[in-house]
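The residues making up each chain are set out below.
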Amino acid sequence: MRMGEFSRRTGVSQRLLRYYEEQGLLSPARRPSGYREYEEADVVTVRGVRMLLAAGLNTAVIAELLPCMVDEGRILEPACSSMLPDLHRERARIDEAAAALLAARDRLDALIELTAQEGVTDEEACAAAGRVTSGDHPVVGGPR
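This structure is a prediction, so every number in the text was calculated from the model and none was measured.

A few words now on the overall build of the protein chain. On a plain count of helices and strands, the protein chain comes out with six helices and six strands. Helices and strands in the protein chain line up, N terminus first, as α-α-β-β-α-α-β-β-α-α-β-β. Residues classed as buried in the protein chain amount to 25% of the 144 residues present. Counting contacts in the protein chain only where the partners sit at least 6 residues apart, residues at least 24 apart contribute 44% of the total. Per element, the accessible surface of the protein chain, about 10000 Å² overall, is 54% carbon and sulfur.

Here is the structure:
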């Protein structure tokens, strides 16, 4: 099938399909005219790529893992345990990123709590600290 139809079938834009090809995730056949020709197996591959992206993996890791995946019906599934170290590494990376986001949220919560406790309402003090107000709504990033 040609790229337009393939894009509709997978729900992935043509631009993103070209990117997947550049990253080695897809290898469509080429017609003599140069047009890409996709097969039914490519639909499963794209679904697998989307699943792995949703799991937080980047395309470089996905390119490493795809050869260890097999089509077991609806989606690609792991075919060998040699994937485990890579999957554990990626899970640890996601855990670290999640911990960093939670720490940032905690710092923001602390700032919110301190601001609410202090009851800062003096607009002159806010303006002196570089905070400009626009009507009733403060705007961050005013002159310093």
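Our focus in this paragraph is the pattern of salt bridges. Enumeration according to the criterion identifies eight salt bridges in this entry. Glu90 is paired through a salt bridge with Arg93; the nearest N and O atoms lie 2.8 Å apart. One end of the pair is Glu90 and the other is Arg93, both in helix α5 (residues 84-118) and three residues apart, which spans about a single turn. Asp95 serves as the salt-bridge partner of Arg91, at 2.9 Å between the closest nitrogen and oxygen. Of the two residues, Arg91 and Asp95 are both situated in helix α5; the distance of four residues between them amounts to about one turn of the helix. One continuous salt-bridge network, built from bridges that share partners, spans Asp86, Arg89, Glu90 and Arg93.

Two aromatic rings, taken as a pair, are described by how far apart their centres are and by the angle between their planes. Inspection of the entire model under this criterion finds one aromatic pair. Here Phe6 and Tyr38 contribute two aromatic rings whose centre-to-centre distance is 4.0 Å and whose plane-to-plane angle is 0°, an arrangement assigned as stacked. Of this pair, Phe6 sits in helix α1 (residues 3-10) while Tyr38 sits in the loop between β2 (36-37) and α3 (40-54), and the two are 32 residues apart along the sequence. Here Phe6 falls in the buried class, since its relative accessible area comes to 0%. On the basis of relative accessibility, which here comes to 2%, the residue Tyr38 falls in the buried class.

Taken together, Leu108, Leu111 and Ile112 make up a surface patch of nonpolar side chains, about 300 Å² in accessible area. Within the secondary structure, Ile112 sits in helix α5.

Procedures and definitions
- Residues numbered from 1 in each chain as written.
- Predicted model: local features only at pLDDT ≥ 70, side-chain atom pairs only at ≥ 80, totals over all residues.
- Heavy atoms only, no water.
- Helix = DSSP H or I, 4+ residues; strand = E, 2+ residues; numbered from the N terminus.
- Buried < 20%, exposed > 50% of the residue type's maximum accessible area, 1.4 Å probe, protein only.
- Contact = heavy atoms within 4.5 Å.
- Areas by Shrake-Rupley, 256 points an atom, 1.4 Å probe, with all protein chains shown as cover.
- Salt bridge = Lys/Arg side-chain N within 4 Å of Asp/Glu carboxyl O.
- Phe/Tyr/Trp six-rings, centres within 6.5 Å; stacked < 30°, edge-to-face > 60°.
- Patch = residues over 30% accessible without salt bridge, like charges linked within 9 Å, V, L, I, M, F, W, Y side chains within 5 Å.

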